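# Understanding the architecture of this molecule
Letter by letter, the chains look like this.
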Amino acid sequence: MTRKVLLKDGMLYDSSRVLATLGDILLEDGKIKAILRSGSPQGDIVPDEVIDLSGKWVFPGFVDMHVHLRTPGQEYKEDLSSGLTAAARGGFTKVLAMPNTSPAIDDASIVRSLHSEALMVKGAKLLIAAAMTLGRKGQELCEYDELREAGAICVTDDGSWVHDGAVMRRVVDYAAACNLLPLSHPEDTTLSKGGQMNEGGISTKLGLTPIPAQAEEVAIYRDISIAALTGKPLHLCHVSTGEGVDLVRRAKRDGINVSCETAPHYLFLTEEDLVGYNTSAKINPPLRRWYDVKALREALRDGVIDVIASDHAPHSSLEKEVEFNLALFGAIGLETMVALTIKVARELNLPPWKIADFLSINPSRLLKLPVGLKVGNPADITVVDPDLNWTYHSSEGLSKSHNSPFEGWKFTGRAILTIVDGEIRSDLRA
Ligand SMILES: [Zn+2]
């Protein structure tokens, strides 16, 4: 006999079908079996369990398409178990793991072993982005058809940009032929090399080697040109500059097949957060200026930014609590991203279904996953309590690392229930 669970009286948000209504969802066999408006007759449905969700927001499962799980090779920072359970705790039903591991995920056998290891973890589902080029060196392409067959769904050299334009042109063509989405880390390191923070008055004051915004802009421009040249899709990771997002806006207007993401820290923090040599705010691309924060927020409003992704980048205290110049780049984000997305949506007066766009519908479409709250789809669901007041302490999180610039922030709203294939993987209900 199969178990039937009824999620009752939640506010259902699904922008893919313009759904914003009070309703019930019946889960059975790990799938969405029925969606009913609240109060409508339930016929012969006799659930084994009823979960009351009145006052809660119910979303199609959130997807974080930019996560560093540090596996294989750097499990002291994060492993599949800690990373995937932290993701579920944060409200994610699926995460896309980046391949800048050691060794890099540039071979089908690594993809297969990660997938089988992840099956043992009761957390978010693991999706894998394999490397674009062997060893992430930007020269020779990996065997995309084999990677795809092993279950990878994207290719990226994230952490490095493919500087050679001819190589990148082949990457984009070959990826499309193998049904893999190429993700670019737009950073021209001939401009950013040795840099520690955004270039401007504050880098001068702090005496830190600067990274100009142009390092990102030049790379975005080149990548958009390659997408135009090939006519094939290309996704830009962690766009952090106003000019960068303007380039994407123009490209979309011209019908070029590009998409992009930003990360929550670029929507809330600036280079000023580095005053005092705060290494938890040392991130790559670096935190920019208020002008950029404003431009990115505007791009959320007008849909130029498709996706918010955490760029969860765990590091140990030995790598972060050191002199600024020696500290590694990156911040964890899996357990703060949903609260920060709710916060930015409120500050911009965006309706809750826009949250579904950034965290579920758009990443699912880009990654060709089942989209939305739809009968027959896997029962991957995220429930948010929009009124829950809480304070973030990384020490209470499930990630192995604690390098967050949002330590001690107070939030209203949190993912309280994460359901994967019909199974509760995180439950923070009071
Ligand atoms: Zn990156």
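The written sequence of each chain sets the order in which its residues are numbered from 1. Per-residue local features are limited, in this predicted model, to residues with pLDDT of at least 70; the limit for side-chain atom pairs, both in listing and counting, is 80 or more; totals at the level of whole chains, interfaces and linings are taken over all residues.

## A look at the overall build of the chain
Secondary structure assignment for the chain yields 13 helices and 18 strands. Against the globule reference of 22 Å for 430 residues, the chain gives a C-alpha radius of gyration of 21 Å, in line with a compact fold. Principal-axis analysis of the C-alpha atoms places the extent of the chain at approximately 65 × 45 × 45 Å. Each of the 430 residues in the chain was classed as buried or not, and the buried ones make up 54%. Starting at the N terminus, helices and strands are each numbered in turn, a helix being any DSSP run of H or I of at least four residues and a strand any DSSP run of E of at least two. We compute the radius of gyration over the C-alpha atoms and compare it with the globule rule, which gives 2.2 Å times the number of residues raised to the power 0.38. Partly exposed residues are those whose C-beta has more than 12 but fewer than 20 other C-beta atoms within 10 Å; with 20 or more the residue is buried, with 12 or fewer it is exposed, and the C-beta atoms are placed from the backbone.

## Description of helix 8 (residues 242-253)
The end-to-end C-alpha distance of helix 8, which contains 12 residues, comes to 17 Å, matching closely the 16 Å that a straight helix rising 1.5 Å per residue would cover. Within the span of helix 8, buried status applies to Gly242, Gly244, Val245, Leu247, Val248 and Ala251. Our contact criterion uses C-beta atoms placed from the backbone: two residues qualify when those atoms are within 7 Å. On its buried face, helix 8 sits against helix 7 (214-230), strand 13 (234-236), strand 14 (258-262) and helix 10 (290-301). Among the residues trailing helix 8, Gly255 stands out with phi positive, at a value near 80 degrees. A helix is expected to span 1.5 Å multiplied by its residue count minus one.

## A closer look at the domain arrangement of the chain
Where the parts come together, the accessible area they lose is often given as the size of the interface. By the assigned domains, the chain splits into domain 1 (4-58 + 377-386 + 408-427) and domain 2 (60-366). Here the C-alpha centre of domain 2 lies 29 Å away from the C-alpha centre of domain 1. Each partner contributes residues to the interface: domain 1 has 19 residues there, and domain 2 has 23 residues. Of all the secondary-structure elements, those providing two or more residues to the side of domain 1 that touches domain 2 are strand 1 (4-14), strand 16 (381-391), strand 17 (410-420) and strand 18 (423-427). Looking at the side of domain 1 that touches domain 2, the element that brings in the most residues is strand 17, giving 6 residues. For this classification, the nonpolar set comprises Ala, Val, Leu, Ile, Met, Phe, Trp, Tyr, Cys and Pro, the charged set comprises Asp, Glu, Lys and Arg, and every other residue, Gly included, is treated as polar. Looking at the side of domain 1 that touches domain 2 residue by residue, the class counts come to 9 nonpolar, 6 polar and 4 charged. Each domain's limits were defined by an automated method or a database of domain assignments.

## Here's the deal with the sheet that holds strand 7 (residues 92-97)
Strand order across the open sheet formed by 8 strands is 6-7-8-9-10-13-14-15, with parallel pairing between neighbours. In the strand order of this sheet, the two ends are held by strand 6 (62-67) and strand 15 (307-308), each with one partner. Pairing geometry for strand 9 (residues 154-156) and strand 10 (residues 181-184), over 3 bridges, is parallel. The residue of strand 10 that forms the bridge with Thr156 is Leu183. For helices, the fitted line uses only the C-alpha atoms of the stretch in contact; every axis is such a line through C-alpha atoms, and the angle between N-to-C directions lies from 0 to 180 degrees. Here helix 1 (residues 80-90) sits on the sheet and contacts strand 6, strand 7 and strand 8 (125-130); the angle it forms with strand 7, its principal contact strand, is near 135 degrees. The rule for pairing is simple: two strands pair if DSSP sees at least two bridges between them.

## Here's the deal with the nonpolar core
Val58 and Ile128 are the most contacted members of the largest nonpolar core, which has 126 residues in total. Here this core spans two domains, and each of domain 1 (4-58 + 377-386 + 408-427) and domain 2 (60-366) adds at least three residues to it. Look past the residues within four positions of Ile128 in its chain and what remains in contact with it is Ala97, Ile105, Val111, Leu114, Gly151, Ala152 and Ile153. A set of buried Ala, Val, Leu, Ile, Met, Phe, Trp, Tyr and Cys residues, joined through C-beta atoms within 7 Å, is what we mean by a nonpolar core.

## Focus on the pairing of strand 3 (residues 31-37)
Pairing geometry for strand 2 (residues 19-28) and strand 3, over 6 bridges, is antiparallel. Across the sheet, Gly23 pairs through a bridge with Arg37, a residue of strand 3.

## Notes on the packing of helix 7 against helix 8
Relative orientation of the contacting elements helix 7 and helix 8 amounts to 15 degrees, with a least axis distance of 9 Å. Here helix 7 lies roughly parallel to helix 8, going by the angle between them. Considering the relative orientation of helix 7 and helix 8, their crossing is right-handed. Here Glu216, Glu217, Ile220, Tyr221 and Ile224 of helix 7 lie close against helix 8, whose contacting residues are Glu243, Gly244, Leu247, Val248 and Ala251. When the residues that make up the contact of helix 7 with helix 8 are grouped by side-chain class, the tally is 6 nonpolar, 1 polar and 3 charged. Each angle is binned into one of four classes, with values under 35 degrees roughly parallel, values over 145 roughly antiparallel, values of 65 to 115 roughly perpendicular, and all other values oblique. Helix crossings are classified by the rotation of the near helix relative to the far one: an anticlockwise turn of less than a right angle makes the crossing left-handed, while a clockwise turn makes it right-handed.

## With respect to the pairing of strand 10
Strand residues, when the strand is regular, have side chains that alternate between the two faces of the sheet. Both faces of strand 10 are covered, namely the face carrying Leu181 and Leu183 and the face carrying Pro182 and Ser184. Looking down the strands as they point away from you, a crossover is right-handed if its path from the first strand over the helix to the second goes clockwise. In terms of handedness, the path from strand 9 via helix 4 (residues 165-177) over to strand 10 forms a crossover that is right-handed. Two elements, strand 10 and strand 13, share 2 bridges in a ladder whose sense is parallel. Of the residues in strand 13, the one forming a bridge with Leu183 is His235.

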